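Take a look at the letters that make up each chain.
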Amino acid sequence: MGLFQHVMKHKELIPLLTVLSLTGCGLVYSAIHALRKPEVIFNKSGDPEPWQYVNPTEPQKLVTINQEWKPIEELEKVRKLMK
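What counts, and where the lines are drawn
Residues numbered from 1 in each chain as written. Predicted model: local features only at pLDDT ≥ 70, side-chain atom pairs only at ≥ 80, totals over all residues. Heavy atoms only, no water. Helix = DSSP H or I, 4+ residues; strand = E, 2+ residues; numbered from the N terminus. Rg over C-alpha atoms; globule rule 2.2 N^0.38 Å. Buried < 20%, exposed > 50% of the residue type's maximum accessible area, 1.4 Å probe, protein only. Areas by Shrake-Rupley, 256 points an atom, 1.4 Å probe, with all protein chains shown as cover. Lys, Arg positive; Asp, Glu negative; His and termini not counted. Charge placed at Lys NZ, Arg CZ, Asp CG, Glu CD. Salt bridge = Lys/Arg side-chain N within 4 Å of Asp/Glu carboxyl O. Patch = residues over 30% accessible without salt bridge, like charges linked within 9 Å, V, L, I, M, F, W, Y side chains within 5 Å. pLDDT = per-residue confidence, 0-100.

As annotated in an unreviewed UniProt entry, the protein chain carries the name Chromosome 15 open reading frame 48 and is attributed to Varanus komodoensis.

Pasting the structure below:
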């Protein structure tokens, strides 16, 4: 007896299968998203300060409201002294 025939015979299984199907789809989407666009990257052997290479004109958030990027003078002085 196939799954479809079994479900049609026992109609009370429809909500359960719906919830399980949606949960499985969410799990697959979450796994694919985590592999393609990780929010945290651990790279101990690479550049210790990768945030310096972020383009300030490119938005990093989904929604950006009234954001203006201005360099902080003290940090710029420290950066020049460190080089």
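The structure having been displayed, the exposition proceeds.
**Student:** Sorry, what's going on with the overall build of the protein chain here?
**Tutor:** A tally of regular secondary structure across the protein chain gives 3 helices and 0 strands. Along the chain direction, N to C, the helices and strands of the protein chain fall in the order α-α-α. Against the 2.2 N^0.38 benchmark of 12 Å for 83 residues, the protein chain shows a C-alpha radius of gyration of 25 Å, more extended than a compact globule. For the protein chain, the spread of C-alpha atoms along the principal axes amounts to about 75 × 35 × 15 Å. Within the protein chain, buried positions represent 1% of all 83 residues. Accessible surface, the protein chain as shown: approximately 8700 Å² in total, 63% of it carbon and sulfur. Each charge class in the protein chain was averaged separately, 11 positive and 9 negative side chains, and the resulting centres sit 7 Å apart.

**Student:** Honestly, the pattern of salt bridges in this entry has me stumped. Any pointers?
**Tutor:** Side-chain pairs of opposite charge can arise whenever the charged atoms involved come near each other. A full pass over the atoms with the stated rule returns 1 salt bridge. Between Glu76 and Arg79 there is a salt bridge; the shortest N-O distance is 3.3 Å. One end of the pair is Glu76 and the other is Arg79, both in helix H3 (residues 73-82) and 3 residues apart, which spans about a single turn. A relative accessible area of 26% places Glu76 in the partly exposed class.

**Student:** Would you take a moment to explain a nonpolar patch on the surface for this structure?
**Tutor:** A contiguous nonpolar surface patch, about 390 Å² in accessible area, is contributed by Leu3, Leu16, Leu17 and Leu20. Here the nonpolar patch gets 3 residues from one element, more than from any other, and that element is helix H2 (residues 14-36). Here Leu3 is to be found in helix H1 (residues 3-9).

**Student:** I keep staring at the confidence of the model for the protein chain and nothing clicks. Help me out?
**Tutor:** Caution applies to low-pLDDT parts of the model: their predicted coordinates are not meant to be read in detail. Residues of the protein chain with pLDDT of at least 70 account for 95%, and the chain-wide mean is 83. Within the protein chain, no element has a lower average pLDDT than H3, which sits at 87, and none a higher one than H2, at 93.

**Student:** When you look at the environment of Val40 in this model, what are you seeing that I'm missing?
**Tutor:** On the secondary structure map, Val40 appears in the loop between H2 and H3. Given the relative accessible area of 54%, Val40 is considered exposed.

**Student:** Is there a simple way to think about the environment of Leu17 in this case?
**Tutor:** With respect to the helices and strands, Leu17 occurs in helix H2. Considered as a pair, Leu17 and Lys44 are 27 residues apart in the sequence and their alpha carbons are 44 Å apart.

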